[in-house]
Amino acid sequence: MSQKLLFFVDEGGFEDYTPLFIEQGFAVDFEDSQRRATKLAKKNTYQVLVAEFSHNPEFRDRVSNIESLLATLEGNSPNAKIVILYDELNQPQLDQLKARYRMDVTLSFPIDKALLHQAIN
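Residues numbered from 1 in each chain as written. Predicted model: local features only at pLDDT ≥ 70, side-chain atom pairs only at ≥ 80, totals over all residues. Heavy atoms only, no water.

A few words on the nonpolar core. Formed by 21 residues in total, the largest nonpolar core has its most connected members in L49, I66, L70 and I84. Residues within four places of I66 in sequence aside, it is in contact with F8, A51, E52, F53, I84 and L97. By size, the runner-up hydrophobic cluster in this structure holds 16 residues, among which are F7, L20, V83 and A119. (Core = buried A, V, L, I, M, F, W, Y, C linked by side-chain atoms within 4.5 Å. Buried < 20%, exposed > 50% of the residue type's maximum accessible area, 1.4 Å probe, protein only. Contact = heavy atoms within 4.5 Å.)

Structure below.
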């Protein structure tokens, strides 16, 4: 049975790391919709989540785009390794989210592929 990885991209504008994940033996579910990514997290068990963190000051009741996804993963894939990709401009909001949810690795843009490779293994 191959390991499953959920790759969630919100805004994008960076390299698609799917080939790297596949090279490492993962079956990859790529999603650019937070709602669909959360649905996948409800239906599947993942060993790894790689998610792009973004913050929008217009969010009223949330710090970020991935809170629902992290909460769902916590319940359905509690042992999943969580890797967050983020822009350093959003460090304060990421720190707020870290206080509420487990994150194993956080990598700031531009992403060092060697560190990402290390993070998913």
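For the rest of this paragraph, the subject is the pairing of strand β3 (residues 48–52). Across the five residues of β3, five count as buried, placing the element largely inside the fold. Neither face of β3 is open: one carries V48, V50 and E52, the other L49 and A51, and all of them are buried. Pairing between strand β1 (residues 3–8) and β3: four bridges, direction parallel. Of the residues in β3, the one forming a bridge with F7 is V50. As defined by bridge partners, β3 adjoins strand β4 (residues 81–86) across five bridges and the pair is classed as parallel. Directly across from L49, in β4, lies its bridge partner I82. (Helix = DSSP H or I, 4+ residues; strand = E, 2+ residues; numbered from the N terminus. Pairing = 2+ DSSP bridges.)

In terms of burial, β4 is a largely internal element, five of the six residues being buried. Pairing geometry for β4 and strand β5 (residues 105–108), over four bridges, is parallel. Residue pairing across strands places Y86 opposite S108, the latter belonging to β5. Read from β4 through helix α4 (residues 91–98) to β5, the crossover connection turns out right-handed. (Right-handed = clockwise from strand over helix to strand, strands pointing away.)

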